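A look at the structure
Chain by chain, the residues:
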Amino acid sequence: MIAIQRALKYIGDEGCYFLCLRKMAGRKDEDLLKDYFFCLENGYIDRDCYVKNPIAILSAWGVKYRNVRKDSSYGQIVVYKHNANLHFCLNTDEGLFDPLGDSNTVKYGHVDSYRLFW
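So, a few notes on the structure that sits alongside this text. Just so we're clear, the structure is a prediction, and the values are computed from it rather than from any experiment. Residue indices begin from 1 for each chain and proceed along its sequence in written order. Two thresholds apply to this predicted model, a pLDDT of at least 70 for residue-level local features and 80 or more for giving and counting side-chain atom pairs, whereas whole-chain, interface and lining totals are computed over all residues. Water and hydrogen atoms play no part in the side-chain values, which are based on all heavy atoms of the structure.

**Quick word on the overall build of the chain**
The following threshold applies: Put simply, DSSP marks the helices as runs of H or I at least four residues long and the strands as runs of E at least two long, and each gets a number from the N terminus on. Each radius of gyration is computed over the set of C-alpha atoms, and the globule rule expresses the reference value as 2.2 Å times the number of residues to the power 0.38. Partly exposed residues are those whose accessible area sits between 20% and 50% of the maximum for their type, while under 20% is buried and over 50% is exposed, using a 1.4 Å probe and protein chains only. Any pair of residues with heavy atoms lying within 4.5 Å of one another is described as a contacting pair. Note on areas: Shrake-Rupley, 1.4 Å probe, and residue coverage restricted to the protein chains presented here. We count Lys and Arg on the positive side and Asp and Glu on the negative side, and we leave His and both chain ends out. Positions of charges follow a simple convention, taking NZ of Lys, CZ of Arg, CG of Asp or CD of Glu.
From N to C terminus, the chain includes five helices and five strands. Ordered by position from N to C terminus, the α and β elements of the chain give α-α-α-α-β-β-β-β-α-β. Its C-alpha radius of gyration of 14 Å places the chain within 12% of the 13 Å reference for a compact globule of 118 residues. Overall, the chain is about 35 × 30 × 25 Å in size when its C-alpha atoms are taken along their principal axes. Scored against the burial criterion, the 118 residues of the chain give a buried share of 42%. The contacts of the chain with a sequence gap of at least 6 include a subset with a gap of at least 24, amounting to 59%. For the chain, the accessible surface area stands at approximately 7,200 Å², while carbon and sulfur atoms represent 46% of it. Separation between the mean location of the 16 positive side-chain charges and that of the 15 negative ones in the chain comes to 4 Å.

What follows is the structure in structure tokens.
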């Protein structure tokens, strides 16, 4: 079992894709740890939040997509690159959702790719 503080560190350090999926599904903030442990126990993510199966995660949360692919020009999830860092954000009707709020990767980097869900 992963301790709560370590789980929160993993989510904070590496969980941007996972947090974007949570935002897509309209998950409540208070369910963050429950969602993390559910996805970890089902093999959808690894302990440091590497997302293995985004479609299964969204499906478990009631959002139905059949597939996801990396795209160079369009998609809901935007992957920014700055130096060696990659950071995932989400395009929403309200604008860009940056899990870090104001990340240097978004501020000083460029769009590397997108994740297109359909």
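**Overview of the pairing of strand β3 (residues 85–92)**
Definition in use: Pairing between strands requires that DSSP locate at least two bridges from one strand to the other.
Here strand β2 (residues 77–82) pairs with β3 via six bridges, running antiparallel. Bridge pairing in β3 links Lys-81 to Leu-86. The antiparallel hairpin formed by β2 and β3 contains two residues in its connecting segment, where Asn-83 sits at a positive phi of about 55 degrees. In this structure, β3 lies alongside strand β4 (residues 95–97), joined through three bridges in antiparallel fashion. Across the sheet, Asn-91 pairs through a bridge with Leu-96, a residue of β4. Hairpin remark: β3 followed by β4, antiparallel, with two residues in the connecting loop.

**Quick word on the nonpolar core**
Keep this limit in mind: Only buried residues count toward a nonpolar core. Its members are Ala, Val, Leu, Ile, Met, Phe, Trp, Tyr and Cys residues joined through side-chain atoms within 4.5 Å.
Membership of the largest hydrophobic core comes to 31 residues, with the highest contact counts inside it found for Phe-18, Leu-21, Tyr-36, Ile-57, Ile-77 and Phe-117. Among the secondary structure elements, those contributing two or more residues to this core are α1 (4–14), α2 (16–24), α3 (32–41), α4 (54–60), β2 and β3. With seven residues, α2 is the single largest residue contributor to this core. Once you skip the residues sitting within four places of it in the chain, Leu-21 turns out to touch Val-51, Pro-54, Ile-57, Leu-58, Trp-61, Ile-77 and Phe-117.

**Some remarks on the sheet that holds strand β5 (residues 110–117)**
Put simply, the rule reads: To obtain an axis, a line is fitted to C-alpha atoms, over the contacting stretch when the element is a helix, and the angle between two such axes runs from 0 to 180 degrees between their N-to-C directions.
In space, the five strands of this open sheet follow the order β1-β5-β2-β3-β4, with antiparallel pairing throughout. Strands with a single pairing partner mark the edges of an open sheet, and in this sheet they are β1 (68–71) and β4. Geometrically, the sheet is characterised by an average inter-axis angle of 30 degrees between neighbouring strands, direction not taken into account. Sheet topology note: the β2/β5 ladder contains five bridges and is antiparallel. Across the sheet, Lys-81 pairs through a bridge with His-110, a residue of β5. Against the sheet, α2 makes contact with β1, β2, β3, β4 and β5, and its axis sits at roughly 10 degrees relative to β3, the strand it touches most.

**Section: the layout of surface pockets**
Vacant regions in the atomic arrangement are exposed by a probe of water-molecule size rolled over the atoms. Applied cut-off: Here the term cavity refers to a set of points on a 1 Å grid, laid over the protein atoms alone, in which a 1.4 Å probe fits but cannot get out; the term pocket refers to an open set having protein on both sides within 12 Å along at least five of seven lines, with lining residues being those that place an atom within 4 Å of a point. Grid points are joined across faces, edges and corners, and a volume is the space filled by probe spheres set on the points. Three classes are used, and their members are as follows: Ala, Val, Leu, Ile, Met, Phe, Trp, Tyr, Cys and Pro are nonpolar, Asp, Glu, Lys and Arg are charged, and the others, Gly among them, are polar.
Size it by volume and the largest pocket reaches roughly 400 Å³. The wall of the largest pocket is formed by 19 residues, among which Asp-13, Glu-14, Gly-15, Cys-16 and Leu-86 lie closest to the centre. Mapped by element, the contributors of at least two residues to the lining of the largest pocket are α1, α2 and β3. Counted as a void, the second largest pocket has a volume near 150 Å³. In this structure, the second largest pocket is lined by Leu-19, Arg-22, Lys-23, Gly-26, Arg-27, Asp-29, Leu-32 and Phe-97. Ranked by residues supplied to the lining of the second largest pocket, first place goes to α2 with three residues. For the lining of the second largest pocket, a count of residues per class yields three nonpolar, one polar and four charged.

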